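# Analysis of the macromolecular model
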Amino acid sequence: MSDLTFARLHEHLVHALPELARPVALLCEDEVFSTNGVPSQYSGTSHVLQVYLDLLLALPSSPLRDSALSRAFAFVEAALASGDEDLVGLMDIQLIEGQAAWWFQRAKPFLGPRFEAAVRRSAEPGWVEATAPNAPDFPPRVRLHDLYDVRSAVAALLAEDGVDLVTLESLEADE
């Protein structure tokens, strides 16, 4: 993915995670978060990726779920290695800053060296809490604003595991 850039993030996201083709297409049609079919990468494409990761991380481990997370975090790692400062900044702001301890705990097995280096440099409170000696298991607290039907994409991807829309909606924390 040598041409992985901030401007083309949405295209590369679909190439790396084809199950997100419909959510990204819906995003590209959204007149608020897209212009002439090109989404705002911060409020659009990164939102699709964030919802996807949040849902997968909140689910119990399974071969299908773990494979999807491996592909997703390989994409993130490639973005961090792209050399595109805007893209690296987006990944830092959208996927590292402000994450809760549960998110980091569940993501840790899938993180590449660039992500781990970035999160260690940032000393995010959630990371510090999640990786502290004798850290407890933190239950997921998912707060989703799924504007582009990412839930349906995840349900279709994990249907063999018995994951459906009801399962995914039950993950969302009350508040």
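One can find the structure itself at the top, above this paragraph.
Residues numbered from 1 in each chain as written. Predicted model: local features only at pLDDT ≥ 70, side-chain atom pairs only at ≥ 80, totals over all residues. Heavy atoms only, no water.

### Considerations on the side chain of S46
To be explicit about the condition: Counting from the N terminus, the helices are the DSSP runs of H or I reaching at least four residues and the strands are the DSSP runs of E reaching at least two. Each residue is placed in one exposure class: buried if its accessible area under a 1.4 Å probe, protein chains only, is under 20% of its type's maximum, exposed if it is over 50%, and partly exposed if it falls in between.
Within the fold, S46 resides in helix α3 (residues 41-58). On the basis of relative accessibility, which here comes to 3%, the residue S46 falls in the buried class.

### A word on the packing of aromatic side chains
Here is the rule we go by: Any pair of Phe, Tyr and Trp rings, taking the six-membered ring for Trp, is counted once the centres come within 6.5 Å. Such a pair is stacked with planes under 30 degrees apart, edge-to-face with planes over 60 apart, and tilted for the rest.
Under the counting rule described, the total for this entry stands at six aromatic pairs. Seen in terms of ring centroids, F6 and Y42 are 5.8 Å apart; in terms of plane orientation they differ by 50 degrees. Their pairing is tilted. Highlighted residues: F6 in the segment before α1 (9-16) and Y42 in helix α3, separated in sequence by 36 residues. Seen in terms of ring centroids, W103 and F104 are 5.7 Å apart; in terms of plane orientation they differ by 90 degrees. Their pairing is edge-to-face. For W103, a relative accessible area of 1% gives the class buried. Aromatic rings pair up to connect F73, W103, F104, F115 and W127 into one cluster.

### Overview of the pattern of salt bridges
Proximity of charged atoms lets side chains of opposite charge pair with each other. Spelled out, the test is: Salt bridge, as used here, is a side-chain nitrogen of Lys or Arg placed within 4 Å of a carboxyl oxygen of Asp or Glu.
Evaluation of the coordinates by the stated rule reveals eight salt bridges. Here E11 makes a salt bridge to R8, at a shortest N to O gap of 2.7 Å. A residue is classified by how much of its surface remains accessible, and R8, at 32% relative accessible area, is partly exposed. For E19, the salt bridge goes to R71, with nearest N and O atoms at 2.7 Å. In this pair, E19 sits in the loop between α1 and α2 (21-29) while R71 sits in helix α4 (residues 63-81), placing the two residues 52 residues apart along the sequence. Through salt bridges with shared partners, a single ionic network connects D3, R8 and E11.

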